[in-house]
Amino acid sequence: MNADIAIVGGGIVGLATAYHLTLKYTDKKIVVLEKESEIAHHQTGNNSGVIHSGLYYKPGSLKAKNCIDGYHMLLEFCDENNISYDLCGKVVVATEKSELGRLRDLYDRGRENGLEGLEMLGQARLREIEPHLAGIQGIRVPQTGIVNYVDICNKLAEKIEQNGGEIHLNTVVKSIEEKDDEVQIVTNKSFVECQMMVNCAGLYSDSVAKMHLGDIDTRIIPFRGEYYELTAEAEHLVKHLIYPVPDPAFPFLGVHYTRMIGGGIEAGPNAVFAFRKEGYKRTDFDFKEFFGSLMWPGFQKVMLKYWKTGLGEMYRSFSKKSFTKALQRLIPEIKEEDLVAAPAGVRAQACDRTGGLLDDFKLVTEKRAIHVINAPSPAATSSLSIGKTIAGMVDL
Ligand SMILES: Cc1cc2nc3c(=O)[nH]c(=O)nc-3n(C[C@H](O)[C@H](O)[C@H](O)COP(=O)(O)OP(=O)(O)OC[C@H]3O[C@@H](n4cnc5c(N)ncnc54)[C@H](O)[C@@H]3O)c2cc1C
């Protein structure tokens, strides 16, 4: 097959990129190569469905810029295409005095990032808007919302095809060779010759980058995020999305309560090192992938640094009692019987050689390829902005 541009990966980042490329190049052949039999099968289809407002991210970072721009582009896309979303707002809650400084820093950061309507909440006001909460102080973020990202992907896919693009499912990219004037991508079916390739392979973005570049200085470490759903009887305990104050040393937000756009409330996700990249169950294990992570010098350093947190997360994965205890820090009335196990997701988190868990998004640009090396949360919120940025970088 010949194409002008091939995008590897039919998650939300790959689809948003393909969509913007079809808008930019109406006369070029643009193809998406996806290994599964459906789009959005991995991170995108198993996430929390939150439209992040940009509260957490370092001003000036790619995350801050793309989350804030992406937020507005996403709402506009939903409005134009009748996709339902709900700007239900969230509260970030300090439950101990030691968290108050970090809560204040978050508030300042949110204001620096241009968020509107942020409200610092004392205990009385917290109780007023979330009567069952245990917090001593909080921030209300009215712009945060919820959506179903699979709905957005389905609409993006429809638009890509309307614009002349193609989505090839069940197409696994196996190897990549760059020649003088083209890139040759070998798949399980045949091969694709193209002028430009964009790697949006999520959990396998490092493997796909290695197929092209030989080696890279990061590895994707998979972290499973497990969820429980609240029973209908317990749903009245949660009005907004409720988050703890995050640990700044760790790239995850801590277990929280999330309303879902289709109804119901999820609690989680935790962050457990997964023994397989697409390991949604505790028992999933892949020898090569497991040792690939363990042998990476950066991950060994991460384990040394965070072994206590890691073991705690793993224990919480097996012990519902311990998971419930973490949730009770926010809402003491929650009981084990209020929680029903729900499907997990696996996050792709890039880790460098020195043991740094990359905080910001990372793109690597080559003559004939752009590799999206790190696109963790809030990449679903940011996807339309990331896709537009990548389309702007392609020059054919
Ligand atoms: C548990 C969890 C909760 C999250 N919550 C939120 C949230 O509330 N809000 C938010 O904004 N973000 C959230 N995120 C982050 C967000 O979901 C991801 O950042 C985003 O979905 C990444 O999209 P992607 O397209 O890069 O990756 P993916 O959705 O993983 O897509 C990558 C695609 O590449 C395909 N692929 C891989 N290798 C190959 C190959 N060799 N050949 C062909 N295809 C290949 C895969 O099959 C997959 O479909 C969450 C993530 C998780 C896991």
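Residues numbered from 1 in each chain as written. Predicted model: local features only at pLDDT ≥ 70, side-chain atom pairs only at ≥ 80, totals over all residues.

Describe in detail the packing of helix α1 (residues 12-24) against helix α10 (residues 379-393), supporting the description with residues and values.
Pairs of packed helices are described in terms of their axes, by the angle between the two and the distance that separates them. Packing of α1 against α10 leaves a shortest axis separation of 8 Å and a crossing angle of 35 degrees. Between α1 and α10 lies a crossing of right-handed hand. Between α1 and α10, the contacting residues are I12, V13, A16, T17, Y19, H20, L21 and K24 on the first element and A379, A380, S383, L384, I386, G387, K388, I390 and A391 on the second. (Axes fitted to C-alpha atoms, helices over the stretch in contact; angles between N-to-C directions. Helix = DSSP H or I, 4+ residues; strand = E, 2+ residues; numbered from the N terminus. Left-handed = near helix turned anticlockwise from the far one by under 90°. Contact = placed C-beta atoms within 7 Å.)

Tell me about the environment of R347, and name the residues and values.
One can find R347 in strand β19 (residues 339-352). When the C-alpha positions of R347 and K174 are compared, they lie 22 Å apart, and in sequence the two are 173 residues distant. Residue contacts for R347: discarding those within four places in its chain leaves Q43, F223, G225 and P376.

Give me the packing of α1 against helix α5 (residues 149-162): which residues, what numbers.
As a packed pair, α1 and α5 sit with axes 9 Å apart at the nearest point and diverge in direction by 30 degrees. If you check the angle between α1 and α5, you find them roughly parallel. Viewed along their axes, α1 and α5 form a crossing whose handedness is left-handed. Facing I12, L15, A16, A18, Y19 and T22 of α1, the residues of α5 in contact are Y149, I152, C153, L156, A157, K159 and I160. Of the residues in the contact of α1 with α5, the class split is eleven nonpolar, one polar and one charged. (Parallel < 35°, antiparallel > 145°, perpendicular 65-115°, else oblique. Nonpolar A, V, L, I, M, F, W, Y, C, P; charged D, E, K, R; others polar.)

Explain the pairing of strand β20 (residues 362-365) residue by residue, including any values.
Two strands pair when backbone bridges link them, and β20 and strand β21 (residues 369-374) are joined in this way by four bridges, in the antiparallel orientation. Of the residues in β21, the one forming a bridge with T365 is I370. (Pairing = 2+ DSSP bridges.)

Tell me about the sheet that holds strand β13 (residues 196-199), and name the residues and values.
On the basis of which strands lie adjacent, the open sheet formed by six strands has the order β9-β2-β1-β13-β21-β20 and mixed pairing. Strands at the two margins of the open sheet, each flanked by one partner only, are β9 (166-168) and β20. Ignoring strand direction, the axes of neighbouring strands in this sheet form an average angle of 15 degrees. Strand direction decides the pairing type here: strand β1 (residues 5-8) and β13, joined by four bridges, are parallel. Note on β13: the bridge partner recorded for I5 is M196. Running over the sheet, α1 touches β1, β2 (30-33), β13 and β21 and is turned about 175 degrees from β2. Its contacts with the sheet put helix α6 (residues 205-213) on β1, β13, β20 and β21, and the angle it makes with β21 is roughly 145 degrees.

Outline the nonpolar core, listing residues and values.
A general tendency of soluble globular proteins is for nonpolar side chains to be buried together. Ranked by size, the top nonpolar core spans 118 residues in total, and within it I5, A6, L15 and M197 carry the most contacts. Ranked by residues supplied to this core, first place goes to helix α2 (residues 62-80) with eight residues. Dropping the residues within four chain positions of it, I5 is found in contact with L21, K28, I30, C194, Q195, M196, V198 and V394. (Core = buried A, V, L, I, M, F, W, Y, C linked by C-beta atoms within 7 Å. Buried ≥ 20, exposed ≤ 12 C-beta atoms within 10 Å, placed from the backbone.)

Describe the pairing of strand β16 (residues 256-259), listing the residues and the values that go with them.
Each regular strand shows side chains that alternate between the opposite faces of the sheet. Neither face of β16 is open: one carries H256 and T258, the other Y257 and R259, and all of them are buried. Across four bridges, β16 lies against strand β17 (residues 265-268) in antiparallel orientation. For Y257, the partnering residue across the bridge sits in β17 and is A267. Linking β16 to β17, which pair antiparallel, is a turn of five residues; within it G263 sits at a positive phi near 105 degrees.

Residues and numbers for α1, please.
Note on helix geometry: an α-helix contains 3.6 residues per turn, so any two residues three or four positions apart are oriented the same way. Under the 1.5 Å per step criterion, the end-to-end length of α1 is 18 Å for 13 residues, consistent within 8% with the ideal 18 Å. Turning to α1, its buried residues are I12, V13, G14, L15, A16, T17, A18, Y19, H20, L21 and T22. On its buried face, α1 sits against β1, β2, α5, β13, β21 and α10. (Expected span 1.5 Å × (residues − 1).)

Which residues make up the domain arrangement of the protein, and what values do they have?
Domain annotation for the protein reports domain 1 (5-48 + 150-217 + 359-393), domain 2 (90-140) and domain 3 (221-352). For domain 1 versus domain 3, the separation of C-alpha centres amounts to 27 Å. Facing the 15 residues of domain 1 at the interface are 16 residues of domain 3. Residue composition of the side of domain 1 that touches domain 3, by class: four nonpolar, eight polar and three charged. (Domains from an automatic or database assignment.)

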